[in-house]
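# Summary of structural features
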Amino acid sequence: MSTALLEVRDLSCRFGGLMALDGVSFSVASGEIFGLIGPNGAGKTTLFNLVSGLTPPSSGSVIWRGAAITDLPPHRRNRLGLARTFQNLRLFDDLSVLDNLLVALERHSRSSSIDGLLCTARHRQAERQRREAAWQLLEELGLSALADRQAGTLAYGDRRRLEMARALGTDPALLLLDEPAAGLNPAEKEGLCALIQELRQRHRLTVMIIEHHVPLLMRLCDRMAVLDFGVRIALGSPNVVRRDPRVIAAYLGGDASGETP
Amino acid sequence: MIEALLQTLLNGAASGGVYALVALGYTLVFSVLGVINFAQGALFSLGGYLTYLLMGGRIGVNGALPGWGLPAGLPFWLALLLAAAGSGLVALLVERVAFAPLRRRGAEPLLALITSLGAGVVLVNLLQILMGAEGYAFPQESGALAGLPEVLMIGGARIRTIQLLLLLVCSAAVVGLSLWLERSRGGQALRAVAEDATTAQLLGINSDAMVRLAFVLSGALAGLGGSLIGMSVSLPGPYFGIGYGLKGLAVLVLGGLGSVPGAIAGGLLMGLAEALVPAEASGWRDALAFAILFAVLLLRPSGLLGRRTVDKV
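Each chain has its residues counted from 1, running along the sequence as written. Lettering for chains starts from A, numbering for ligands starts from 1, and both go in the order in which the items are written. At least 70 in pLDDT is required for a residue's local features to be given in this predicted model, at least 80 for side-chain atom pairs to be given and counted, and no such filter applies to totals for whole chains, interfaces and linings, which use all residues.

Another point: the confidence of the model for chain B. Residues and elements named next belong to chain B. Taken over all residues, the pLDDT of chain B has a mean of 90, while the share at 70 or more is 97%. You can read pLDDT as the predictor saying how much it trusts each residue, on a scale of 0 to 100. Counting from the N terminus, the helices are DSSP H or I runs at least four residues long and the strands are E runs at least two residues long. Across chain B, the secondary-structure element scoring lowest on mean pLDDT is strand β2 (residues 157–160), at 78, and the one scoring highest is helix α2 (residues 40–54), at 97. Placing C-beta atoms from the backbone, we regard two residues as in contact once those atoms come within 7 Å. Throughout residues 309–313 the model reports pLDDT below 50, and contacts reaching past four residues in sequence, or to other chains, amount to four contacts. Among the scores for the predicted complex, ipTM is 0.82 and pTM is 0.86.

Okay, structure coming up:
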């Protein structure tokens, strides 16, 4: 845990009178699986939106490999190596499964639009590589049999995996997963756990994951942060976090710590 | 009889092709932003006037610089391409002025209908100030038909060559655009933005750049249409594009909002239907066009090839 890949520093986000995030700081080291938990409305998804660039923070900064990216638009952040999935899945429902991936692989092609129109050798070569990369990802996530299906017609679990495949298609260093286990049955949840670890190995990923299923997260994560009402109330390894009185209070509604954030 | 029918069909297909160009322009912008660019008709006019000037045409007595013109005219084909590019650039300006500020402030998208209409009015009036309200005919010596006979005999039918050229250019533009959208990386990125701009951005696609590209392409299509009509008929005045803009809008709705094949099919259907109105009843042409529109909408409210639902949350 030497170099921080991502750091959020004093991040705040206010929606009108609501303080969705209030001075949150932590850093994520290269290669770790970092969990983000907290009750509903704690600001977890808001934090993802700030990190991926969909929402501007009211104050504070997002730092990527030591440089501030707070003012960069989402597509530039993606090109730096930041990809995410959504809690409510945002696939291109009208495109085929394969095309969903090809869109993500778009910027990795080395041929220009002119090449494309003229169908040059370079274009055909780049196209072939792009398709190979897409098929490889489909294979990896067990979707190759569904390649030609319209994304909107897939079963729920397949849609979740497709969204992950598509995020991986942009070749990220950091993958933000927003409740990837939501709506999955216990067996599928186990499978997902294994899949995330496998993907981390193979793609040398750092993973940041929001999940409500705390036992799953405790097993999966190297470290985690706990948010409650927009404030970071705990940070550390699952074992440390599990015993933190403020976390217990937030989850059980008690007042073990004597102070409410 | 057969010859007359062939002539009629070709005329219909040619004007239908122009309608399809205009409708495709609307479609491109609509699919990425969900709004109609009402400056499209003005860009159509602009294309025609740019081609006229680039071919060496002179400004008339009512223009700001009467008698002025380029020292040398370009051949029609080159002027056509440059005018399309010019209209595309002006469309980019329209986006900057009439659309981008609203989007940046998160304004209600429907407001862009008014701002783009305003941009169109300004454009047409600028044309009128600079070029006057008079009609212009393209110089024939450097025209599309230079070196070609005015009338071709095909299967015993007399066909105006210019109509055939019109149809060919429209087909090339429509096929080229469809292939580009379908096959190229840029086209794929544009379709991704059309489906979900936010997600496209998170996949590394610069959504704003794609929106600008959609405007440039739609302006170029309008400019192309205006130039072709100017060549085949003439430029009857700065407002002539507005009529085509409205017809294109009808075609857009007829084909189905946001559907590329719909815009093409709708354009052809509209053009052919109009051409079948006999010359002595030509005053009924627009009436027929809009009657078809109403009939189709009664049976299929989403248009010929439109999606059943277009509402986005």
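From this point, things continue past the structure.
What follows deals with the packing of helix α1 (residues 2–33) of chain B against helix α9 (residues 240–255) of chain B. Residues and elements named next belong to chain B. Fitted lines through C-alpha atoms serve as axes, helices being fitted only where they are in contact, and the angles separating the N-to-C directions of these axes extend from 0 to 180 degrees. Interaxial distance between α1 and α9 falls to 8 Å at its minimum, and their mutual angle equals 70°. Compared by their axis directions, α1 and α9 come out roughly perpendicular. Across the interface between the two elements, V18, Y19, A20, V22, A23, Y26 and T27 of α1 pack against Y244, G245, K247, G248, L249, V251, L252 and G255 of α9. Note on residue classes: Ala, Val, Leu, Ile, Met, Phe, Trp, Tyr, Cys and Pro are nonpolar, Asp, Glu, Lys and Arg are charged, and everything else, Gly too, is polar. Tallied by class, the residues present in the contact of α1 with α9 amount to ten nonpolar, four polar and one charged. Under this scheme an angle from 65 to 115 degrees is roughly perpendicular, one under 35 degrees roughly parallel, and one over 145 degrees roughly antiparallel; angles in between are oblique.

The next point concerns the sheet that holds strand β3 (residues 33–37) of chain A. All names here are of chain A. Pairing is mixed in the open sheet, where six strands are placed in the order β6-β7-β8-β3-β9-β10. With one partner strand each, in any of the chains shown, β6 (82–84) and β10 (231–236) form the two edges of the open sheet. Each strand axis lies, on average, 15° off the axis of its neighbour in the sheet, ignoring direction. Between any two strands, pairing holds if DSSP finds at least two bridges. Bridging between β3 and strand β9 (residues 223–228) involves four bridges; their strand directions are parallel.

Residue and element names in this part refer to chain A. As summarised here, the arrangement of the four strands in space is β2-β1-β4-β5, forming an open sheet in which the pairing is antiparallel. The strands lining the two open edges of the sheet, one partner per strand, are β2 (18–29) and β5 (67–68). With respect to the sheet, helix α1 (residues 44–52) is in contact with β1 (4–15), β2 and β4 (59–64), its orientation differing from that of β1 by roughly 115°.

Turning our eyes to something else, we now look at the environment of B:G156. Residue and element names in this part refer to chain B. Tracing the backbone shows G156 in the loop between β1 (151–154) and β2. Neighbour density around each residue's C-beta defines its exposure: 20 or more other C-beta atoms within 10 Å make it buried, 12 or fewer make it exposed, and counts between make it partly exposed, where C-beta atoms are placed from the backbone. By C-beta crowding, G156 is classed as exposed, having 8 other C-beta atoms within 10 Å. It is 9.7 Å that separates the C-alpha atoms of G156 and L6, two residues lying 150 residues apart in sequence.

The two faces of the sheet receive side chains in turn, since in a regular strand these alternate between them. Counting buried residues in β3(A) gives five out of five residues, a clear majority hidden from the surface. Of the two faces of β3(A), both are covered, the one formed by A:I33, A:G35 and A:I37 as well as the one formed by A:F34 and A:L36.

Attention shifts here to the interface of chain A and chain B. Across the boundary between the two partners, chain A contributes 22 residues, which contact 19 residues of chain B. Looking at the side of chain A that touches chain B, the elements with two or more residues in it are α2 (74–80), α3 (97–104) and α4 (113–118) of chain A. A total of four residues in the side of chain A that touches chain B trace back to one element, the largest contributor, which is α2(A). Tallied by class, residues from the side of chain A that touches chain B come to eight nonpolar, seven polar and seven charged.

Further remarks concern helix α8 (residues 207–232) of chain B. Helix span is expected to be 1.5 Å times the residue number reduced by one. The terminal C-alpha atoms of α8(B) lie 38 Å apart, and with 26 residues this matches the ideal 38 Å at 1.5 Å per residue to within 8%. Here α8(B) lies mainly inside the structure; 22 of its 26 residues are buried.

Residues and elements named next belong to chain A. Segmentation of chain A into domains returns domain 1 (1–81 + 172–261) and domain 2 (91–171). Contacts between domain 1 and domain 2 engage ten residues on the former and nine residues on the latter. It is helix α7 (residues 186–203) that provides the largest number of residues to the side of domain 1 that touches domain 2, a total of three residues. Grouping the constituent residues of the side of domain 1 that touches domain 2 by class yields five nonpolar, three polar and two charged. Annotation comment: domain bounds sourced from an automatic or database domain assignment.

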